[in-house]
There are 4 protein chains.
Amino acid sequence: MIFFQSDYSQGAHPKVMEALASTNLEHTVGYGVDEHCVHAAKLVKELIGIEDCDVHMMVGGTPCNVTVIAAALKPYEAVVAARTGHIYSHETGGVEGTGHRIITMPGVDGKMTPALIDAAFVEYEDEHTVLPRMVYISQPTEIGTIYSKAEVEAISEKCKERNMLLYIDGARLGSALTCKENDLSIKELARLSDAFYIGGTKNGALFGEALVIRNPIIGENFRFMIKRQCNMMAKGRLMGVQFEALLEGGENSIYFEMARHANELAEKLRNGLLSMGVEFYSKSPTNQIFPILPRPVVDRLKRGFAFQEWAPEKDGMVPIRLVTGWGSNEGEVDAFLAHVKIMLEMPVG
Amino acid sequence: MIFFQSDYSQGAHPKVMEALASTNLEHTVGYGVDEHCVHAAKLVKELIGIEDCDVHMMVGGTPCNVTVIAAALKPYEAVVAARTGHIYSHETGGVEGTGHRIITMPGVDGKMTPALIDAAFVEYEDEHTVLPRMVYISQPTEIGTIYSKAEVEAISEKCKERNMLLYIDGARLGSALTCKENDLSIKELARLSDAFYIGGTKNGALFGEALVIRNPIIGENFRFMIKRQCNMMAKGRLMGVQFEALLEGGENSIYFEMARHANELAEKLRNGLLSMGVEFYSKSPTNQIFPILPRPVVDRLKRGFAFQEWAPEKDGMVPIRLVTGWGSNEGEVDAFLAHVKIMLEMPVG
Amino acid sequence: MIFFQSDYSQGAHPKVMEALASTNLEHTVGYGVDEHCVHAAKLVKELIGIEDCDVHMMVGGTPCNVTVIAAALKPYEAVVAARTGHIYSHETGGVEGTGHRIITMPGVDGKMTPALIDAAFVEYEDEHTVLPRMVYISQPTEIGTIYSKAEVEAISEKCKERNMLLYIDGARLGSALTCKENDLSIKELARLSDAFYIGGTKNGALFGEALVIRNPIIGENFRFMIKRQCNMMAKGRLMGVQFEALLEGGENSIYFEMARHANELAEKLRNGLLSMGVEFYSKSPTNQIFPILPRPVVDRLKRGFAFQEWAPEKDGMVPIRLVTGWGSNEGEVDAFLAHVKIMLEMPVG
Amino acid sequence: MIFFQSDYSQGAHPKVMEALASTNLEHTVGYGVDEHCVHAAKLVKELIGIEDCDVHMMVGGTPCNVTVIAAALKPYEAVVAARTGHIYSHETGGVEGTGHRIITMPGVDGKMTPALIDAAFVEYEDEHTVLPRMVYISQPTEIGTIYSKAEVEAISEKCKERNMLLYIDGARLGSALTCKENDLSIKELARLSDAFYIGGTKNGALFGEALVIRNPIIGENFRFMIKRQCNMMAKGRLMGVQFEALLEGGENSIYFEMARHANELAEKLRNGLLSMGVEFYSKSPTNQIFPILPRPVVDRLKRGFAFQEWAPEKDGMVPIRLVTGWGSNEGEVDAFLAHVKIMLEMPVG
């Protein structure tokens, strides 16, 4: 079985495993204030070129999103997101569990826009309505698309105009940063947001995300929020150790190397499918692609490949999701393309 | 100033005031378990023709909605509603404040449909998504439209198929029940729902709604929920006394008389405006109507009439909301129509 | 049946009823921003001698307490109270329902002290513990005792030292202010607290409490909080009208007259019982007293009087609660005393 | 520096690390439903001798506690615990964050008793009070003491009588099960509880706890609860792999071997200190002990040993906590005892 199921189906990059093994017998203080976490935070600050911020090691993306939102908002304030956004589509009401509404907008290619932020205020009246106070975006989005520098600048500008906070979910940030279409550096992204995170789980860590908080409205007493939301890990140093391994070397670290690798394989998949005339559910330049294939092809592919059906079948065609990861290899891609090619060419039935 | 601002701009029907005055010096137990509340509950049960249900006197519509939803749902369960529904559009995130998501659907004439319920399940996957478990509708809707008997039957059927609860917000239920287009009796409505309420605040009470709960999944220990949600009134008998006055006589009670009166005046307003060629924002047969008038007309009307602009101006035309109440009278309607007629006929400038 | 069950077993003072009747047909805007509410707020501000504060008309005491606490605290912050305090003992977890802990202290005569506030900080460590941030006290307490001026000053001082907010529940504030032992004026109480309320429900209103907020940490966007907590009444003017009637005349208003009346009758009850050698559960100078009577006496009294057993029977003796109200009269008190006298003197058996 | 700071200051047992390394490149499905988690669950079921239960791999103890409580309780229901219990003393209001009260009782040697459960019901009245519905205990407690079989049986019996659920926090369950005083087997403990967990984090895992749920009131749709509470790990198999390594061999597994080792070293520490006349803050037979030492001794020990001051200094004496772990060794214990001996014998000054 060849896996294009997800970028978290394997364990960690060997260097991450080595770092965990070599530090295993060290004694440290718990809960993420040890030297490894401090050092990892330093690497993050160097990478984004900002000293004046807080860096917290978080166990996962959902805890990160929900804790940030719960920390930022007053009870009557809401966060605005595309309806496809992870906080709305795949977190089982975690945000609402902290008492806050997610105001959903339809999204354009999975993305928020200044106009959609304005639209959230059309529904706003006064104390009888929730107050839109934060914008949530992902870079890249749930459907693999990325925001251009100009797009994030425009959203950031609109947030300032509307007195809103901008939070960027970077579960697959490495993939966005290293894809060919990208023109938004991590330094710029950091400066345009009030908080964002650098995802580890989906790019070569066992688990862990490095959360950066620039705005003290979000960051004040944030460690209380982490613990209150039940997300503070006893052996917090595990995340510090992993991010040391991931980010050592900055732009030349394995973090970027792995993301670039996954992107290249996804691109090869995409180009191969395009050359066969396959259409796509979204225009993704990152490590998730969404080809639309005939039902019989999809069903046969499942015998040898693991992947997800992404959206309901329509007229016999099924959008699927293929995800490449740090551990994917060219042979796997070639095998997939070869199988599709044969199936598309052969009469089915 | 003539008021078409709301149906809660005045106090209570004189008979309600008399009942409050005549019982004022009685001593009773508190918190809504006194004889007046018990008697009012009996009147409600007779009216709906169902003995096997719980009736609770609630302070207002929002407390009623939110307490029912919080009582009915497990933390990961969600309620589905039209985006115009009161729980989404005018309750400042009260539902989310109890930890639950409102899944919004666009609505058809402000109404939910079986197809829209199915649509909520398209977004549902598994433990990564909230579980749609309740449907919220209002009779009439926020924009004055009403569900036909067949429509509520279809929704109720779909709810059973989907293992969902059906809750009906009856803030203006009297208006729906007494309007000419209505073919759904309160007895039928009661049998088709798991819970619903008979609104008092907007139909001649000082305050108070009579909540009917038929399904024990919602009703178990409901008085704990009322208190926990901070909605239990010390002098609970005030609501019992009012509903005694409102419902004495059943179908011939002042409750229905007042609603019919308000509807007739709204109809007169509507017909008058239609005869001048005015168009409407929604096809409402109830006591709220939504004519669309030119901006200069709207602005001049404001000098003598109180009403609300309902939706954003478009091409110089403004949808406004006119609401008639138990205290409205024919003279007020005639005056409004006369003013509009003159303004529409006269050149503005 | 003679009622010493509660001070909310009757309706409202006749002048309150008159005010409601005489304003009944007025049209006003809804939700508590009408002229009556504005005027009532003015009366409150004059009474407390503070212009720079917010006054909100609230439906009841529990909504008031919970909304204030939810508005004041961040998710990881807690409120400290005596374990007998209303928010802990009789609100069904309303505070916890908004996500906050109540840190309970044993209380001294039902009261908090600076030492008990310090004790709350002994349990405080760091981000692994909640942060005590508000002190809740009632004047008078649940067991009828009152704080002296010096005691509230000391608590207020300790709050400042500890960076805590002081909130005073005034459900029966009138009774405290008008009792003989009291040396704390409402003006002083107002200046020593960050927020407090003047209770109407238990002193001659149908319902309603006048909440005063001096500290913007609590008061910012408070109307959003009222609505989000489902406590905003459509016909909000009802509370304005009532407080106009209650407070017209300031120190000479019926508010103080009623409270003084209730206190005098409670004192007569207390003195009468003391003269028979009856002991008390607490030293209450206000309108609630807690005599301890033999079980057979208590059981016989129940045939003619309504009151509450307050604490578990011990050695055959039962602490009961007697509450006098604005509508209580001297004949009722005399009757009670006469009955107890006979029963205590006669052999029971 | 020698560490008696905590049993989570080091990484994982070498066999756990080996298991993680050897499975690192496997592709599996995410979120804890992979074969390793299934196999680990099987090992747990064999160990406790119960097939009919759910086993969930949880990231940590606090997420486990809070998710269980939030799943089990209705909004107005509360959990009863000793005030020293972890959910009250060290989880920053996580439980209250889900809307539930923790009713605290003073505890006897850190333990709950049937009488203390009854005491919680003295405060219970009706819908004005929270409803005690679950008892939380830890085996061992926060201060190292353990419940005897008879004690847990009595609590379990009382829970049945009171219609309450019994949940046992087993963060250090291994230490309780393997200590000399213990007479309660894991099989018996499992049968006496509605849910409990076998702690990994504090006994040789990197992280992870194996939660066992026997009562469907808690267990229904529990995976929705895990995700909604933001505790579902993408690479969930990491916990399965660890518990496979920890529990392989059942009673002879490294899980019990490590716990026994830690206990033996703690006992050696305790006996050594007892022989010097040192008194203890609690009678702990497990891997946490709490000697009370003079302030100057404590301060000097800090130069070479890491440990925690546990309770406030009193008359110059300080209760400290010493914790041994799977990685502690006899030399460390001997060194500590030697240092204390010298200091206690020598004049300080």
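Quantities reported herein were computed from a predicted structural model and do not represent experimental measurements.

Considering the pairing of strand S3 (residues 77-82) of chain B
Residue and element names in this part refer to chain B. The buried count for S3 comes to six of six residues, which makes it a mostly enclosed element. Burial along S3 is two-sided: Glu77, Val79 and Ala81 and Ala78, Val80 and Ala82, pointing in opposite directions, are all buried. Pairing between S3 and strand S5 (residues 131-138): four bridges, direction parallel. Within S5, the position partnered with Val80 by the bridge is Val135. Relative to strand S4 (residues 102-105), S3 runs parallel, the two being bridged by four bridges.

Section: the environment of B:Glu153
Mapped onto the fold, B:Glu153 is located in helix H7 (residues 149-161). The spacing of B:Glu153 and B:Glu188 is 35 residues in sequence and 9.2 Å in space, taken between C-alpha atoms.

Details of the relation of the copies chain C and chain A
For the pair chain C and chain A, the relating rotation is 180°, the translation along its axis is 0.0 Å, and the fit reaches an RMSD of 0.0 Å. Taken together, the rotation angle and the small translation identify this as a two-fold axis. For chain C, the smallest separation between a C-alpha atom and the rotation axis is recorded for C:Lys74, amounting to 4.1 Å.

Let's talk about the interface of chain B and chain C
Taken together, the contact between chain B and chain C spans 41 residues of the former and 42 residues of the latter. Here chain B and chain C share an interface that buries about 3,800 Å² over both sides, 60% of which is from carbon and sulfur atoms. The largest share of the area that chain B buries against chain C comes from B:His27, B:Cys230 and B:Lys235, three residues that together contribute 19% of it. For the side of chain B that touches chain C, the secondary structure elements donating two or more residues are helix H1 (14-22), helix H3 (61-72), helix H5 (94-97), helix H11 (222-228) and helix H12 (237-247) of chain B. Grouping the constituent residues of the side of chain B that touches chain C by class yields 20 nonpolar, 15 polar and six charged.

Quick word on unusual backbone geometry
Omega for the bond connecting C:Gln139 with C:Pro140 falls within 30 degrees of zero, at -5°, which places this linkage in the cis form. In this structure, C:Pro140 sits in the loop between strand S5 (131-138) and helix H7 (149-161). One non-glycine residue with positive phi stands out, namely D:Asp109, at about 55°. Within the secondary structure, D:Asp109 is located in the loop between strand S4 (102-105) and helix H6 (114-122). Judged by its relative accessible area of 53%, D:Asp109 falls in the exposed class. Within the chain, D:Cys230 stands out as a residue other than glycine whose phi angle is a positive 65°. Examined against the element boundaries, D:Cys230 turns out to sit in the loop between helix H11 (222-228) and helix H12 (237-247). Accessibility expressed as a relative area gives 6% for D:Cys230, which makes it buried.

Looking at the interface of chain C and chain A
Contact residues are listed per partner, giving 20 residues for chain C and 20 residues for chain A. Interface of chain C and chain A: buried area, both sides summed, is about 1,900 Å²; carbon and sulfur atoms make up 60% of it. The largest per-residue losses of area from chain C upon contact with chain A belong to C:Tyr76, C:Glu127 and C:Phe224, which jointly make up 39% of the total buried on that side. At the boundary of chain C with chain A, the tally comes to four salt bridges. In this structure, the salt-bridge partner of C:Glu127 is A:Arg223, at a minimum N-O distance of 2.6 Å. Remark: the boundary between chain C and chain A carries 10 residue pairs in polar contact (both at pLDDT 80 or more). Broken down by element, the residue count for the side of chain C that touches chain A peaks at five residues, all from helix H11 (residues 222-228) of chain C. Class assignment for the residues of the side of chain C that touches chain A results in nine nonpolar, four polar and seven charged.

Quick look at the relation of the copies chain B and chain C
Between the two copies of this chain, the relationship is a rotation about some axis together with a displacement along it. Expressed as a screw operation, the relation of chain B to chain C combines 0.0 Å of axial shift with a rotation of 180°, fitting to an RMSD of 0.0 Å. When the interface residues of chain B are mapped onto chain C, 100% of them again lie at the interface, so the same face is used by both copies.

Topic: the pattern of salt bridges
Scanning the entire structure with this criterion turns up 84 salt bridges over all chains. Within the structure, one salt-bridge network assembled from shared partners comprises A:Arg295, A:Asp299, A:Lys302, A:Glu309 and A:Glu313.

Notes on the packing of helix H6 (residues 114-122) of chain A against helix H7 (residues 149-161) of chain A
All names here are of chain A. One way to put it is that H6 packs onto H7 with a least axis distance of 9 Å and a crossing angle of 25°. Relative to H7, H6 is oriented roughly parallel. Counting all contacts with H6, which are made through Pro114, Ile117 and Asp118, the residues of H7 involved are Ala154, Ile155, Lys158 and Cys159. In terms of residue class, the contact of H6 with H7 is built from five nonpolar, no polar and two charged.

Observations regarding the confidence of the model for chain A
Looking at chain A as a whole, its pLDDT mean stands at 97, while 99% of the residues score no less than 70. Both scores are given for the predicted complex: the pTM is 0.97, the ipTM 0.97.

Side note on the environment of D:His339
All names here are of chain D. Position of His339 among the secondary structure elements: in helix H15 (residues 330-345). Since its relative accessible area comes to 38%, His339 is described here as partly exposed. Separated by 115 residues in sequence, His339 and Phe224 have C-alpha atoms that sit 52 Å apart. Not counting residues up to four positions away in its chain, the partners in contact with His339 are Leu301 and Phe305. Within the local environment of His339, its side chain forms a polar contact with the backbone oxygen of Ala335, the two atoms lying 2.8 Å apart.

Looking at helix H13 (residues 254-275) of chain C
Helix length check: H13(C), at 22 residues, gives a terminal C-alpha distance of 31 Å against a target of 32 Å (1.5 Å per residue), a fit within 8%. Of the residues flanking the end of H13(C), it is C:Gly277, one or two places downstream, whose phi is positive at about 85°.

Considering the sheet that holds strand S4 (residues 102-105) of chain C
Backbone-to-backbone hydrogen bonds pair the strands of a sheet. The strands run either parallel or antiparallel. All names here are of chain C. If you trace the seven strands from one edge of the open sheet to the other, you get S2-S8-S7-S6-S5-S3-S4, paired in mixed fashion. Here the strands that pair on one side only, and so sit at the sheet edges, are strand S2 (54-58) and S4. Between one strand axis and the next, the sheet turns through 25° on average, direction left out of account. In this structure, strand S7 (residues 195-199) lies alongside strand S8 (residues 209-213), joined through five bridges in antiparallel fashion. Within S8, the residue paired with Ala195 across the bridge is Ile213. Sheet contacts for helix H6 (residues 114-122): strand S3 (77-82), S4 and S5; angle to S4, the most-contacted strand, approximately 125°. Set on the sheet, helix H12 (residues 237-247) makes contact with S2, S7 and S8; between it and S2 the angle comes to about 110°.

Notes on the packing of H12(B) against helix H13 (residues 254-275) of chain B
Residue and element names in this part refer to chain B. Where H12 meets H13, the closest approach of the two axes is 6 Å, and the angle between their N-to-C directions is 70°. Between H12 and H13, the angle falls in the class roughly perpendicular. Here Ala245, Leu246 and Leu247 of H12 come into contact with H13, specifically with Ile254, Tyr255 and Met258. Across the contact of H12 with H13, the residue classes break down as six nonpolar, no polar and no charged.

So, a positive patch on the surface
All names here are of chain A. Among the surface-exposed residues, Lys160, Lys187, Arg191 and Arg214 lie close enough to one another that they form a single positively charged patch. Along the polypeptide, Arg214 turns up in the loop between strand S8 (209-213) and helix H10 (216-219). Given a relative accessible area of 30%, Arg214 falls into the partly exposed group.

Regarding helix H1 (residues 14-22) of chain D
What H1(D) keeps buried is the set D:Val16, D:Met17, D:Ala19 and D:Leu20. Within H1(D), the buried residues cover an arc of 160° as seen down the axis, which keeps them to one side. Exposed residues on H1(D) whose side chains face more than 90 degrees from its buried face are D:Glu18 and D:Ser22. Lining the buried residues of H1(D) we find helix H1 (14-22) of chain A together with H12 and helix H13 (254-275) of chain D.

Let's talk about the side chain of C:Ser282
Residues and elements named next belong to chain C. Its location among the elements puts Ser282 in the loop between strand S9 (279-280) and strand S10 (288-289). Exposure remark for Ser282: the relative accessible area of 10% places this residue in the buried category. A polar contact is formed between the side chain of Ser282 and the backbone oxygen of Ile143, at a distance of 2.6 Å. In contact with Ser282, not counting residues within four places along its chain, are Ile143, Thr145 and Phe290.

What counts as what
Residues numbered from 1 in each chain as written. Chains lettered and ligands numbered in written order. Predicted model: local features only at pLDDT ≥ 70, side-chain atom pairs only at ≥ 80, totals over all residues. Heavy atoms only, no water. Buried < 20%, exposed > 50% of the residue type's maximum accessible area, 1.4 Å probe, protein only. Helix = DSSP H or I, 4+ residues; strand = E, 2+ residues; numbered from the N terminus. Pairing = 2+ DSSP bridges. Least-squares fit on C-alpha atoms with pLDDT ≥ 70 in both. Contact = heavy atoms within 4.5 Å. Buried area = accessible area lost by both parts, 1.4 Å probe. Nonpolar A, V, L, I, M, F, W, Y, C, P; charged D, E, K, R; others polar. Salt bridge = Lys/Arg side-chain N within 4 Å of Asp/Glu carboxyl O. Polar contact = N/O pair within 3.5 Å; in protein donor to acceptor, adjacent residues only side chain to side chain. Axes fitted to C-alpha atoms, helices over the stretch in contact; angles between N-to-C directions. Parallel < 35°, antiparallel > 145°, perpendicular 65-115°, else oblique. pLDDT = per-residue confidence, 0-100. Expected span 1.5 Å × (residues − 1). Patch = residues over 30% accessible without salt bridge, like charges linked within 9 Å, V, L, I, M, F, W, Y side chains within 5 Å. Areas by Shrake-Rupley, 256 points an atom, 1.4 Å probe, with all protein chains shown as cover. Lys, Arg positive; Asp, Glu negative; His and termini not counted. Charge placed at Lys NZ, Arg CZ, Asp CG, Glu CD. Arc of directions from axis to C-beta.

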